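# Structure assessment
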Amino acid sequence: RAMSTSAIQQKEIRNITVIGAGLMGAGIAQVAAQAQLKVTLVDTTDKALENGRTIITNSIKRVAKKKHPEDQAKQQEYIDAAFQNISTTTDSKQAAKDADLIVEAIVENIKVKQQLFKDLDAAAPEHTIFCSNTSSLSVTEIAKATSDKRRQQFAGLHFFNPVPAMKLVEIVRTEELQDTVFDQLAEVTKKIGKTPVSCKDTPGFIVNRLLVPYMLEAFRILDRGEASPQDVDTAMKLGAGMPMGPIELADFVGLDTMKFIADGWRETGGIEPSLVTPVKVLDDLVAEGRLGRKSGKGFYDYT
Ligand code: CAA
Ligand code: NAD
């Protein structure tokens, strides 16, 4: 491979640290481990790490079954091999020390993300690439918590839920991101079996810029009492070919995440305000702790 002429020393990405062992972090850790990368999965408590492990176990069984439909021993081998690539810890600074790439997938809150990246910047080696899986926040703003040099190797790496099944990754380019780092991210994305697209650092990037206003508009149909959740979902599945209707998809994404996104965009602007006006049914469900599938109840009941 040709020597890089960039200021940043290039190093092949072998070790990935994933911070946040929730829906997304667990999925990102899983697909990276399946691709033979070494993964360190981090969360704040052992309970959260255990939750991540459960998410991975449930999903990887499906993947293994698909790879080796008739052979249970091979399925188990595949599962064990992937788990051998994953270690877990509650110490994010320690986990940063030998990371070539850090992917953050914690709560959608800019202050919490900035604090984390500030700490990681001090702990990680110079060459470590930093990425956020944020759905809706400005990657440029998050990156401001880090040094000038780190910001040149700081991007959005946006996966989709469920990570093991969705084939897209949006690579979000800030003004400061070096081309060589973008290329490395595109390469690692392909290595883990996903298709990268490049986009600028705008609210929602590509997918969520289109998908979130659509889902909020579906909630407004419910707010106005124009149709039932079931009928909205059936309509979009059978009438528009969507794999899930917008209401069940919102439960799947997480209603807290949906609300963080809509509230955040309303505050920061950069998007047509009428697209993100508050929706009562969403605010009410979140206030009741009905956060969708992950909490057992949302628009629908999963218990
Ligand atoms: N783990 C591993 N594999 C999984 C999986 C999981 N959790 N869920 C689904 N799969 C795989 C299945 O094994 C199956 O694979 P094959 O086609 O190769 O056999 C495939 O995915 C389809 O699954 P199923 O047949 O079981 O079920 P389905 O056809 O109903 O598909 C689905 C399930 C893929 C989730 C589909 O309903 C879907 O695409 N839903 C929409 C999801 C979506 O829009 N996600 C984006 C949300 S927005 C977001 O993520 C961005 C953000 O920032 C908020
Ligand atoms: P989640 O609530 O399932 O998981 C978040 C995890 O982060 C939890 O386990 C929590 O304990 C942990 N956490 C919180 N603060 C932490 C910290 N300081 N250090 C370490 N761990 C911490 O959330 P999620 O759905 O996985 O979303 C994570 C990120 O991914 C968010 O930025 C979200 O916007 C984005 N995202 C979500 C989806 C989706 O469909 N849910 C899709 C794409 C991107």
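Residues numbered from 1 in each chain as written. Chains lettered and ligands numbered in written order. Predicted model: local features only at pLDDT ≥ 70, side-chain atom pairs only at ≥ 80, totals over all residues. Heavy atoms only, no water.

### Details of the UniProt feature "binding site: NAD(+)" (unreviewed entry) in the protein chain
Counted only if it meets this: UniProt positions are given in the numbering used here, feature names are shortened, and annotations may be inferred rather than shown by experiment. In this analysis a 1.4 Å probe is tested at points of a 1 Å grid over the protein atoms alone, and where it fits but cannot get out there is a cavity; an open set with protein on both sides within 12 Å along at least five of seven lines is a pocket; lining residues have an atom within 4 Å of a point. Only DSSP runs of H or I with at least four residues qualify as helices, and only runs of E with at least two residues qualify as strands; both kinds are numbered from the N terminus onward. Contacts: residue pairs with any heavy atoms within 4.5 Å of one another. Three labels apply to residues, based on accessible area from a 1.4 Å probe with only protein chains included: buried if under 20% of the type maximum, exposed if over 50%, partly exposed otherwise in between.
Under the feature "binding site: NAD(+)" (unreviewed entry), the UniProt entry names G20, A21, G22, L23, M24, G25, D43, E108, K113, S135, N161 and K294. Lining of the second largest pocket among the annotated residues: E108. When you line up the elements, L23 lands in helix 1 (residues 23-34). In this view, L23 contacts I55, N161, F252, V253 and K294; residues no more than four positions away in its chain are not counted. Mapped onto the secondary structure, G25 falls in helix 1. We classify G25 as buried; its relative accessible area is 0%.

### Observations concerning the packing of aromatic side chains
The relation between two aromatic rings is expressed through the spacing of the ring centres and the mutual angle of the planes. Threshold: Two aromatic rings, drawn from Phe, Tyr or Trp (for Trp, its six-membered ring), form a pair once their centres lie within 6.5 Å of each other, and the interplanar angle then sorts them: stacked below 30 degrees, edge-to-face above 60, tilted otherwise. Only lysine NZ and arginine CZ atoms are considered, and such an atom sits over a ring when it is within 6 Å of the ring centre and within 35 degrees of the ring normal.
Following the criterion strictly, the structure yields 4 aromatic pairs and no others. Geometrically, the ring pair formed by F219 and F299 is tilted, given 5.0 Å between the ring centres and 35° between the ring planes. Taken together, the residues F219 in helix 9 (residues 207-223) and F299 in the segment after helix 13 (280-287) connect sequence positions 80 residues apart. Taken individually, F219 and F299 each receive the classification buried, so the pair is uniform in this respect. The rings of F117, F130 and F154 are connected pair by pair, giving a single aromatic cluster. In this arrangement the basic side chain of R173 is found over the ring face of F182, its NZ or CZ atom lying 3.9 Å from the centre.

### Concerning the layout of surface pockets
Short version of the rule: Grid points are joined across faces, edges and corners, and a volume is the space filled by probe spheres set on the points. Think of it as three bins: nonpolar holds Ala, Val, Leu, Ile, Met, Phe, Trp, Tyr, Cys and Pro, charged holds Asp, Glu, Lys and Arg, and polar takes everything else, Gly as well.
Roughly 460 Å³ of volume is contained in the second largest pocket. Forming the walls of the second largest pocket are 22 residues, and the residues nearest its centre are I110, S136, L137, G264 and T268. Counting residues per element, the lining of the second largest pocket draws most heavily on helix 12 (residues 255-268), which supplies 6 residues. Of the residues assigned to the lining of the second largest pocket, the class counts are 6 nonpolar, 10 polar and 6 charged.

### Digging into unusual backbone geometry
Here N161 and P162 are connected by a cis peptide whose omega angle stands at 0°. Mapped onto the elements of the fold, P162 is located in the loop between strand 6 (154-158) and strand 7 (168-173). Positive phi outside glycine occurs at Q36, with the angle close to 70°. Within the secondary structure layout, Q36 lies in the loop between helix 1 and strand 2 (38-42). By relative accessible area, which is 54% here, Q36 ends up exposed. The residue F205 is not glycine, and still its phi comes out positive at about 55°. Within the secondary structure, F205 sits in the loop between strand 8 (195-200) and helix 9.

### Describing the packing of helix 2 (residues 46-67) against helix 3 (residues 72-84)
Note the threshold: Each axis is a line fitted through C-alpha atoms, and for a helix only the stretch in contact is used; angles between axes span 0 to 180 degrees, taken between their N-to-C directions. Relative orientations are named as follows: roughly parallel for angles under 35 degrees, roughly antiparallel for angles over 145 degrees, roughly perpendicular for angles from 65 to 115 degrees, and oblique for any other angle. By definition, turning the near helix anticlockwise from the far helix through less than a right angle yields a left-handed crossing, and turning it clockwise yields a right-handed one.
It is at 9 Å that the axes of helix 2 and helix 3 come closest, and there the two elements cross at 140°. With respect to their mutual orientation, helix 2 and helix 3 come out oblique. Relative to helix 3, the crossing made by helix 2 is right-handed. Together, R53, I56, T57, I60, K61, V63, A64, K65 and K67 of helix 2 and Q75, Y78, I79, A82 and F83 of helix 3 make up the contact between the two elements. Class assignment of the residues belonging to the contact of helix 2 with helix 3 gives a composition of 8 nonpolar, 2 polar and 4 charged.

### With respect to the site of ligand 2
As a reminder, the rule being used: Here a residue is near a molecule or strand as soon as one of its heavy atoms is found within 4 Å of it.
With respect to spatial proximity, 20 residues lie near ligand 2, and among them M24, D43, E108, K113 and S135 are the closest. Looking at side-chain class alone, the shell around ligand 2 contains 7 nonpolar, 9 polar and 4 charged residues.

### Here's the deal with the sheet that holds strand 4 (residues 101-104)
Strand-to-strand pairing in sheets goes through backbone hydrogen bonds, with the strands running parallel or antiparallel. What counts is decided by this rule: Note on pairing: DSSP must find at least two bridges between two strands before they are called paired.
The sheet built from 8 strands is open, its strands ordered 3-2-1-4-5-6-7-8 with mixed pairing. Lying at the two open borders of the sheet, with one neighbouring strand each, are strand 3 (86-89) and strand 8. Across the sheet, the mean angle separating the axes of adjacent strands is 25° when strand polarity is ignored. Relative to the sheet, helix 2 contacts strand 2 and strand 3, its axis offset from that of strand 3 by approximately 155°.

### A few points about the side chain of D256
Summarising the element assignment, D256 is placed in helix 12. D256 has contacts with V286, L291 and K294, leaving out every residue within four places of it along the chain.

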